[in-house]
Amino acid sequence: MDFKWLALPAALIATSPVLATDVLTFHNNPARTGLNDQETILTPSNVTQNTFGLLFNLPVDGKVDAQPLYISSIQIRGVGRKNVVIIATEHDSVYAFDADSGTLCWQVSLLGDNEVPSDKRGCDQITPEIGISATPVITRESDNPGTIYLVAMSKKIGKTKTVYHQRLHALSLADGSEIAGSPVEIEASFPGKGPGYDGSRHVIFNPADYKEAAALLIDNNVIYTTWASHCALEHYTGWIIGYHVSSLAKLRVLNVNPNGRPTSLILPDGSGGSFWGSGAGLSADNDGFLYGLTEEGPFGELSAEGFPKNGDYGDTFLKLSTRELDVVDYFTPYNQGQDGGNDIDLGSGGTLILPEITTASGQIVHLAVGAGKDGNIYVVNRDRMGKVNRRTPDNSNVYQEVQDALGGPVFGSPAYFNGYLFYGPINSTLKQFTFHGGLLSTYATSATTTSFDYRGTTPSVSSSGNESGIVWAYENAFSGQAVLHAYNALHLTQELYNSTQAPNGRDAFGAANKFIVPTICNGKVFVASQSSVAVFGLLAPRPTQNVTQWVKINRKEDPADREDGKIAVKISVTNTGTETITGPISLVFDELNPECCVSDPKGSTTTATPTGSFYVNFTPSSGELVKDQIETRIVKFRSATETIRYRPRVLAGAGIP
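In this text the structure is predicted, and so the values were computed from the model without any measurement. (Residues numbered from 1 in each chain as written. Predicted model: local features only at pLDDT ≥ 70, side-chain atom pairs only at ≥ 80, totals over all residues. Heavy atoms only, no water.)

### Side note on the overall build of the chain
Across its full length, the chain holds one helix and 53 strands. Its C-alpha radius of gyration of 25 Å places the chain within 12% of the 26 Å reference for a compact globule of 657 residues. When its C-alpha atoms are laid out on the principal axes, the chain stretches across 80 × 60 × 55 Å. If you take every contact in the chain between residues at least 6 apart in sequence, the share linking residues at least 24 apart comes to 65%. Here the chain has roughly 24,300 Å² of accessible surface; of this, 49% comes from carbon and sulfur atoms. Positive and negative side-chain charges in the chain, numbering 49 and 66 respectively, have mean positions lying 4 Å apart. (Helix = DSSP H or I, 4+ residues; strand = E, 2+ residues; numbered from the N terminus. Rg over C-alpha atoms; globule rule 2.2 N^0.38 Å. Contact = heavy atoms within 4.5 Å. Areas by Shrake-Rupley, 256 points an atom, 1.4 Å probe, with all protein chains shown as cover. Lys, Arg positive; Asp, Glu negative; His and termini not counted. Charge placed at Lys NZ, Arg CZ, Asp CG, Glu CD.)

The following block contains the structure:
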């Protein structure tokens, strides 16, 4: 069949368009909900030990602490269009694998000449080496497959001293090469006299004293990095450093522990207030604000406006303005000084931005949640967070505090799906909480029978809209082996699958690691071990049938239906054959020109050979297309040129994904 062409006005692909088949950042989105609600392949009925399991394992050269990321249907130089999984290791390597076959597309090392990854810096949190710890972030662009942004730590051992480096890299998804201006050395200073004081009214960022463990975030063309210490070793403060996505120029710097007062017995030099979150990064709402939880550290005397005079925000739920990167609101537990001095810090967990929620009185509230080592869930009103209560010994100033809800400390992030909030504290079960009338239930509405002992679990959720919800959880088992679990999101007592169920160790995938986050996309689940990333999916999909010869395809652009750079095309598929075509039925866009993509929220990418093409579901509501029947869809494209071209193919059968 001939190529199809359509003349169009030029339309720019926005940075990181929302595609149903992409996971470009930690926990799926800047709100950090952990939800992929466009997963149409995996359902509670087919995620069982008989139909779902380990497909293959992707070996890498070091520990994988960062969440694997997935980008669909991109052009890999010298290879072609592929669905790709991106993996970063603590050995300072980055891999791009074909997500459907497991074939290596490219691999690069980010070590400079005569450099090696950093040692563990006297701390066992990341061991035996520190390279790329934080989850990268990816942008999808109009004129190339996209860019991966990440931070890598390394060292160069000299004759007289060892020099440590922290660098921000920007790599082309096409082949892993550095883009112009990359990498840049992480350097910063900030007004203050706390740990790292230079004697000239500034504290200095020393790359040897920090690790970038928290996931990177891109918001409004700024890449935000946030920094933690090596354990609770002194001489560190709380840095956020932002860079421009194109130039990599340093734009904004904030230190939330610049003066280190008052000091504590646990950190007598005034260190603290940094960002860890067990791998969670800052979250962002749609109104230009960032949110994060700080670790133990000093919290200063208040000004008349209720903010710490010295700028020190230990154990605090922060709201930051992206315009100036300053603290515009916050919530701090009333007993912060006591908890901070006992290593019960708030910053062991991550934040999550909730969608608009309606209270019992009909009021719409804008909420966020966070939890740390004290086992309480803090629900904050983003429009009025509450600051700190100095009048009474309680947290009555916060929107809602669910005391002792979790039964243990949190070393990870929650996930959200359709009114349900999921938390996995350490030494406890994975718990479901439910929102009713604008308030979170004060007890778990369901829980798993499995206890997630060592470091708990950070769940992820897949669904098709509000249907077919599955909660995925990674267990660092006492046996030392990694275990993947899948639960019905509506009730966690129903375990659908775990990787120990199949006989003869069929789905065993390696030694366990802590703080691992599952990535679910396009019918596959990606989870790390200490030396690989395992790929799970449906074991035996039915083969597809190419029915292109029995259909007629008509298309017409609708110029009036354009928004946000999207180009709407009305496409009809007619059964011109003599037999009924049984669904699922999909229109596949093979050989779509590289600068184009399908941005239809119902679009996905196929693994049916050739792999990586976009497709749109054309299955009629009856499940079949009878003779002479016409099925029509409005398909939305993005294109950086004035043409869209592709070779159409129509497939029928359940094995399309």
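Here the narrative resumes, following the displayed structure.
### Examining the confidence of the model for the chain
Overall, the prediction assigns the chain a mean pLDDT of 90, with 93% of residues at 70 or greater. Under a pLDDT of 50 for its full length, residues 1-20 has, in the predicted model, 75 contacts with residues more than four places off or in other chains. (pLDDT = per-residue confidence, 0-100.)

### Some words on the pairing of strand E10 (residues 147-157)
Most of E10 sits out of view: nine of its eleven residues are buried. Of the strand pairs in this sheet, strand E8 (residues 116-117) and E10 are connected by two bridges, and their pairing is antiparallel. Residue pairing in the sheet places proline 117 in a bridge with serine 154 of E10. Hairpin geometry of E10 and strand E11 (residues 162-172) is characterised by an intervening segment of four residues between the two adjacent antiparallel strands. (Buried < 20%, exposed > 50% of the residue type's maximum accessible area, 1.4 Å probe, protein only. Pairing = 2+ DSSP bridges.)

### A short note on the pattern of salt bridges
Under the defined criterion, the tally for this structure stands at 17 salt bridges. Among the ionic pairs, glutamate 301 bridges to lysine 309, the shortest N-O distance being 3.4 Å. Summarising the burial analysis for this pair, glutamate 301 and lysine 309 share the class exposed. A salt bridge links lysine 627 to aspartate 628; the nearest nitrogen and oxygen atoms lie 3.1 Å apart. Under the relative-accessibility criterion, lysine 627 is labelled partly exposed at 44%. Under the relative-accessibility criterion, aspartate 628 is labelled exposed at 51%. (Salt bridge = Lys/Arg side-chain N within 4 Å of Asp/Glu carboxyl O.)

### Focus: unusual backbone geometry
The step from threonine 127 to proline 128 runs through a cis peptide bond, and the omega angle for that step is 5°. Turning to its location among the elements, proline 128 is positioned in the loop between E8 and strand E9 (137-139). Note the cis peptide between serine 182 and proline 183, where omega equals 0°. Structurally, proline 183 can be placed in the loop between E11 and strand E12 (184-185). Phi is positive for leucine 248, which is not a glycine, with a value near 60°. Of note, aspartate 628 is a non-glycine position whose phi angle comes to about 70°, a positive value.

### A few points about the pairing of strand E19 (residues 239-244)
Within E19, five of the six residues are buried, which leaves it mostly tucked inside the rest of the structure. Pairing of strand E17 (residues 222-226) with E19, which is carried by five bridges, proceeds in the antiparallel orientation. Across the sheet, residue threonine 225 finds its bridge partner in E19, namely isoleucine 241. In this sheet, strand E20 (residues 250-255) lies alongside E19 in antiparallel orientation, the contact comprising five bridges. Looking at the pairing, isoleucine 241 lines up with valine 253 of E20.

### Examining the packing of aromatic side chains
Under the counting rule described, the total for this entry stands at 23 aromatic pairs. Ring geometry for phenylalanine 205 versus tryptophan 239: centroids 5.9 Å apart, planes at 85°, classification edge-to-face. Linking phenylalanine 205 in the loop between strand E14 (202-204) and strand E15 (210-211) with tryptophan 239 in strand E19, this pair joins segments that are 34 residues apart in sequence. You can call tryptophan 239 buried: its relative accessible area is 0%. (Phe/Tyr/Trp six-rings, centres within 6.5 Å; stacked < 30°, edge-to-face > 60°.)

### Considering the sheet that holds E17
Spatial ordering of the open sheet is given by E16-E17-E19-E20, a layout of four strands whose pairing is antiparallel. Bordering the open sheet on either side are strand E16 (217-219) and E20, each of which pairs with just one other strand. Across the sheet, the mean angle separating the axes of adjacent strands is 20° when strand polarity is ignored. (Axes fitted to C-alpha atoms, helices over the stretch in contact; angles between N-to-C directions.)

### Concerning the state of the cysteines
Inspection of every chain in the model, using the stated rule, returns one disulfide. Across the disulfide from cysteine 123 sits cysteine 231; the S-S distance is 2.1 Å. The sign of the S-S torsion, about 85°, decides the handedness of the disulfide formed by cysteine 123 and cysteine 231: right-handed. In this pair, cysteine 123 is assigned in the loop between E8 and E9 and cysteine 231 in the loop between strand E18 (228-229) and E19, connecting sequence segments 108 residues apart. In this structure cysteine 123 comes out as buried when scored by relative accessible area, which is 2%. (Disulfide = S-S within 2.5 Å.)

### Topic: the sheet that holds strand E42 (residues 532-538)
Spatially, the four strands line up as an open sheet ordered E3-E42-E41-E40, and their pairing is antiparallel. The open sheet has two edge strands, strand E3 (52-59) and strand E40 (519-521), and neither has a second partner. Adjacent strand axes in the sheet meet at a mean angle of 20°, parallel and antiparallel pairs treated alike. Both E3 and E42 contribute to a ladder of seven bridges, which runs antiparallel. In the strand pairing of E42, phenylalanine 52 is matched with leucine 538.

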